[in-house]
Structures are given as structure tokens and as C-alpha cells.
Amino acid sequence: MPRKHNHWTRRGFLKTAGIAAAGSLLAPAAHLAAAAGEPNKIPQRPFGKTGIDVPILSFGGSLNTSLSLLVLRQAVKWGVTHWDTANTYMGGRSEKGMGKYFEKYPADRRRIFLVTKSHAWTTKGMSEDLDLSLERLQTDYIDLYFMHSVSSSSELTDDKKAWAEKKKTEGKIRLFGFSTHSNMEECMLAASELGWIDGIMMRYNYRLMHTDDMRRAMDACSQAGIGLTAMKSQGGGQVKTDTESELELAGRFMEKGFTDAQAKLKAVWEHPNIASICTEMPNMTLLMSNVAAALDQSKLFSNREMELLRQHARETRSDYCTGCTRICQPAIDADIPIGDVMRCLMYARSYGDRHRAMTHFQKIPLRIRRQMEGLDYSPAEQRCPQKMAIGKLMREALAELG
Ligand code: SF4
């Protein structure tokens, strides 16, 4: 069937793509060229009520940063002075690489808003992790310290509060909070009531931003003055051109001179209380592309484009796990971390990062991986709001990553 409902025919799209490749996608590069001689041009936003402003783009350090020292140097020049790492990233090589950078450029330490995380679930473990992180990062303080990957508000206990206060008094951390990949909305709502969480980094993208639960959680955190950092901002893989709405969406982005990855960043920045987007930038090309999007102040989204993005999210919802594990995990007769397995598949399939996918997958205890194959997932599938083929995906994960 010929496409006839809008002017975005496949031929029109390809023609625009050709024009864009020749010229209009270069527009953001002009911003970069202008900024190259004037560091710190990336816009900044307040980080909640902390009194600290942070750049709207954060360097995601889930990589061996000692191989990216030039990228880090250029990031600082362009104002990407919010850096995110964790004690577990690349077996510690992420923190060590940033430490190498600070050893070489010690004056830059005060310019960087440095975030790292502990995966320990005890205050003793967090103390040990923090001291190790300080040593690896070659610094005497962390700007924002996170409990890593909180998935239930039951982790936000009074002993963690007392720990955070003690470490602040000792001068080892300035701010405290958590990152969350699963049940983000529940964790955010609970945090907004506590009064001792300074910052949260949560999954947030064009698929999640329009749900009622996420809107409520964002409002509550904003009112509580919690600084918010978005991660996983791409919401899965590239926008394809398989349906009419995708074709129109891709064509509109292209016409305005943005890649779909840049457009997805801009969709997240539309929320004024997102202080920063944390995204991986392992090479200069990605750094340039993201910095160009951050420097561009034009409003990308009309109501029509936002609606198209929502429609795309609806049409492809069974491709994207929204991390609501409180819904599916209790429905099956075993302790399978469905959300974690879905994340591994996302690393392998959407990011093309098979190594990371396998590393994460193999952290799931063997006893549990053995249980995964023969289970009946249909009760979980019936409850899944994204209508994901959970059983099929669990078995595919075992075959591809096990
Ligand atoms: S599989 Fe479905 S129910 Fe489970 S976390 Fe993902 S989206 Fe939520």
C-alpha cells in the first residue's frame, strides 16, 4: 500500500536524509565550533534545592575511562563537568581512569561534579566501597554518593540516613542519594517523603515520561527539592521507519537537523526539573553529538512531534521493559530478576554491547539461571503492562548470554 496520509513518504524521507547529510545536520556542529574556544558553554540547571548548578549533560562513565582521557579533557573544555561512575563499572577501571585524569589535571577536580556509587546493601559495605572509590579516584571527597540500583523503598532505611550524615560531617561526601532502574516511581515517591535524599538518578525517557506514575513521582521529587538525573534516555534502540508515524517522526527530526538520538535527549530536557542527562560517551563522536544537542537552544518539539513520540512508544511498547518488576516478579513461582534480565537484553540488542550484557547476566546466581528455562511465565505476561513476551525473552537471554 502506498503511504498517502502525510507528506512523509519513504522517497521524501530519503530525499530529506540526503539533504540533511549534506548540510542541515551540520548545524549543531556550528554551535560546537563556536563553543570550542569558550569552555563551559553547556547550559546548567539547579540540582534540586542543593544550591549547586550542574551541566545538563553528564559524562556516563560505565567504561574503561583510562582509554578515554582525551575525551574527558575535551568534555571539560565543552562544559561537561558532571561525571558519573560507580565502584563496579568495568571492575574499577572506570574510577581508576578518572583518578588518572585528576592526577594529571588536579586543578580540574574542583570543576567536576563527581558522582560514584556503591552496590553494597550495608553501611559497613558502603564505608569500605567509599574509601576504595576515594583512593581510586584520587580525591578526598565525592560530590554525590549513590546507593546503586535501588529497586525498593525498603532500602531507604534510617541507618543509611545516619551513614550519609556521618560521611557528610567527615567531609567524604557532599550529597547522598540513589540510582534506580526498577520500580523507579515507587522509590522516588518514597524518597520525596524522607527529607534526606539529595539526588536520584533514574531511568527516564520518552517512553516513561508520559505515564501518570512517573509524572506523579517527578512532581513529588521536584517539590521535595531532590536533584534529578535522567539515565537510559534513549528508551531502547533507534526509531525505525517501519510505520507511518515512525516515518513522519524520523523525517521531522531529520528536517530540523537532529539525529533521533539527539532528539531523544531534547525530549528529556523538555522537563525543567531534569537537572542533567547521564549518558555514555566513549568517543569524541558521541561527545560532539551530545554536546551539540545540549548547546542547541531551539525548541524541538511541537505538540504534533510529542504526540508522534508518544504514538511510537505505544506502537513499540512490547519492545521495551519499563522496569515495573513489582508487577511481574511476584507472579511467577521463583525468584527470577526479570527486570535485570530485560536490561541485559537491552544492553545486547539496543546498545550492541554484548560484553556488558553477558557480564551483568552472569552476575545472576547460577541456581537462579538454571531455574529460568522451565518456568511458566504466563501469569507474569498477563500482568505486564507492556505486553512483553516474557517467557520467550527469558529463554532467548539464556541462549544468547548464558
Ligand atoms: S517485563 Fe513487563 S511487568 Fe515486568 S518489569 Fe518489564 S514491563 Fe514491567
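In what follows, the structure referred to is the one given above.
The text that follows walks through the structure, step by step, so that each part is easy to find. All figures in this text were calculated on a predicted structure; none of them were measured in a lab.

Another point: the environment of Met201. Structurally, Met201 can be placed in strand β8 (residues 199-203). Judged by its relative accessible area of 2%, Met201 falls in the buried class. Between the C-alpha atom of Met201 and that of Met184, which follows or precedes it by 17 residues, the distance is 9.3 Å. Excluding residues that lie within four positions of it along the chain, Met201 makes contacts with Asp84, Lys117, Phe146, Phe178, Ser179, Thr180, Thr229, Met231 and Cys278.

Let's shift gears to the nonpolar core. Core analysis: the biggest nonpolar cluster contains 104 residues, and Trp83, Phe176, Met188, Ile200, Ile336 and Ile390 have the highest contact counts within it. In terms of residues, this core owes the most to one element, helix α14 (residues 338-349), which gives 8 residues. Core analysis: the next-biggest nonpolar cluster, separate from the first, contains 12 residues, Val54, Leu144, Ala275 and Cys278 among them.

To continue, consider the site of the ligand. As a matter of local geometry, the ligand sits amid Cys321, Thr322, Gly323, Cys324, Thr325, Cys328, Ile338, Met342, Cys384, Pro385, Gln386 and Ile390. Those elements that provide at least two residues to the shell around the ligand are α13 (325-328) and α14. The residue inventory of the shell around the ligand, partitioned by class, reads 8 nonpolar, 4 polar and no charged.

Let us look at the sheet that holds strand β6 (residues 142-147). As summarised here, the arrangement of the 8 strands in space is β3-β4-β5-β6-β7-β8-β9-β10, forming a closed barrel in which the pairing is parallel. Shown here is a sheet whose adjacent strand axes are inclined to one another by a mean of 25°, direction ignored. Inspection of the sheet shows strand β4 (residues 82-84) paired to strand β5 (residues 113-118) by 3 bridges, in the parallel sense. Residue Trp83 lies in a different strand from β5, and its bridge partner there is Leu114. The strands touched by helix α4 (residues 93-104) within the sheet are β3 (57-60), β4 and β5, with β4 carrying the most contacts at an inclination of about 145°.

Of all the 6 residues making up β5, 6 are buried; the element is thus mostly covered by neighbouring parts of the structure. Alternating positions in β5 separate into two faces, Phe113, Val115 and Lys117 on one and Leu114, Thr116 and Ser118 on the other, with burial throughout. The handedness of the β4 to β5 crossover, carried by α4, is right-handed. Strand direction decides the pairing type here: β5 and β6, joined by 4 bridges, are parallel. Within β6, the residue paired with Lys117 across the bridge is Phe146. After leaving β5, the chain enters helix α5 (residues 123-137) and then returns to the sheet as β6, a path that is right-handed.

Basis of the calculations
Residues numbered from 1 in each chain as written. Predicted model: local features only at pLDDT ≥ 70, side-chain atom pairs only at ≥ 80, totals over all residues. Heavy atoms only, no water. Helix = DSSP H or I, 4+ residues; strand = E, 2+ residues; numbered from the N terminus. Buried < 20%, exposed > 50% of the residue type's maximum accessible area, 1.4 Å probe, protein only. Contact = heavy atoms within 4.5 Å. Core = buried A, V, L, I, M, F, W, Y, C linked by side-chain atoms within 4.5 Å. Near = heavy atom within 4 Å. Nonpolar A, V, L, I, M, F, W, Y, C, P; charged D, E, K, R; others polar. Pairing = 2+ DSSP bridges. Axes fitted to C-alpha atoms, helices over the stretch in contact; angles between N-to-C directions. Right-handed = clockwise from strand over helix to strand, strands pointing away.

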